[in-house]
Amino acid sequence: MEKVLLPIVSILKCFSSQSVQMDRISTPFPAYLCALVGFLCFVMIVPAVLVAQTEVQGDVSGVWTVEGSPYIVLDSLIILEGEQLTIEPGVEVRFEPQEEQLPTYFYNFGFLEAIGTEQDSIIFTSNADEPWPWDWGRIWVFGGGVSMSYVSLSYMGNGIEFERDCSPVEITHCRFAEYGYRNRPGVPGGMLRPHGNGIRCEEQHQNVTITDCIFTNGYSSRSEGIRIEYFENPE
């Protein structure tokens, strides 16, 4: 915002003397025109900055930059096999809640790289005015890879769920909060489930590394920070 206002300030300073030098003759410049120029610059420039956002849905890949943030997710996302999505530090990804509590998912068959910093984290959250757990579903990984660091995820059903053997997966210094399945007050019906986990994976995932993560406020009856499911070999 400071960079945006600098040109406006420069214009105002230019006319603050209330005169313009023309061929060595000082011509008065009306003060009200000075104010009008400044106002028009403000009206044209500032709103464009305030409403800067990118709407996304469907197939995604490439790089999500902080200049395009926040990214508003209108419907489920998918990273296709062989594709990669890189999310830069400081980016916010906001999921628009769907009608009748049907969730929006982020499917990953490729590779998701979201590397924030301690000072400039990446955020996945709800875009609701009054966010609630289950506003969006989860990051659902089907054999793809994930590298996440200093990422905050909130108001989802599950944070990250691994459905197939995934490689490589490294999740570090991430925060999972306000997750689980919980009906909104005054909204009948909806999907009620006992589980709502920060991270869920199965026994066969041999290449998943999770370190230095924080899990808070799981609302389902059996919410867990990390849930690892073991299945007996039928043979």
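Structure shown above.
Small disclaimer: the values here were computed from a predicted structure and weren't measured. (Residues numbered from 1 in each chain as written. Predicted model: local features only at pLDDT ≥ 70, side-chain atom pairs only at ≥ 80, totals over all residues. Heavy atoms only, no water.)

Engineer: Can you break down the sheet that holds strand E12 (residues 145–149) residue by residue, with the values?
Structural biologist: Pairing is parallel in the open sheet, where 6 strands are placed in the order E4-E6-E9-E12-E15-E18. Across the chains shown, the open sheet's two edge strands, defined by having one partner strand only, are strand E4 (62–64) and strand E18 (208–211). In this sheet, neighbouring strand axes are inclined to one another by 10° on average, regardless of whether the strands run parallel or antiparallel. Sheet analysis places E4 next to strand E6 (residues 84–87), joined by 3 bridges and oriented parallel. Bridging across to E6, Gly62 finds its partner in Leu85. (Pairing = 2+ DSSP bridges. Helix = DSSP H or I, 4+ residues; strand = E, 2+ residues; numbered from the N terminus. Axes fitted to C-alpha atoms, helices over the stretch in contact; angles between N-to-C directions.)

Engineer: Talk me through the packing of aromatic side chains; I want residue IDs and the actual numbers.
Structural biologist: Overall, the coordinates contain 11 aromatic pairs when judged by the stated rule. Arranged with centres 4.6 Å apart and planes meeting at 5°, the rings of Trp64 and Tyr71 form a pair that is stacked. One exposure class covers both Trp64 and Tyr71, and it is buried. Put simply, the rings of Tyr105, Tyr107, Phe109, Trp140 and Phe142 pair up and form one aromatic cluster. Positioned above the aromatic ring of Trp140, the side-chain terminus of Arg138 is 4.4 Å from the ring centre. (Phe/Tyr/Trp six-rings, centres within 6.5 Å; stacked < 30°, edge-to-face > 60°. Buried < 20%, exposed > 50% of the residue type's maximum accessible area, 1.4 Å probe, protein only. Lys NZ or Arg CZ within 6 Å of the ring centre and 35° of its normal.)

Engineer: Any chance you could break down the pattern of salt bridges for me, citing the residues and the numbers?
Structural biologist: Pairing of side chains with opposite charge becomes possible as their charged atoms draw close. What the rule picks out here adds up to 2 salt bridges. The partner of Arg94 in a salt bridge is Glu92, and the shortest N-O contact between them spans 2.8 Å. Classification of Glu92 by relative accessible area gives partly exposed; the value is 24%. Linking Glu161 and Arg138 is a salt bridge whose minimum nitrogen-to-oxygen distance equals 2.4 Å. Linking Glu161 in strand E14 (residues 160–162) with Arg138 in the loop between strand E10 (122–126) and strand E11 (139–141), this pair joins segments that are 23 residues apart in sequence. Across the pair, Arg138 and Glu161 agree in class, each one buried. (Salt bridge = Lys/Arg side-chain N within 4 Å of Asp/Glu carboxyl O.)

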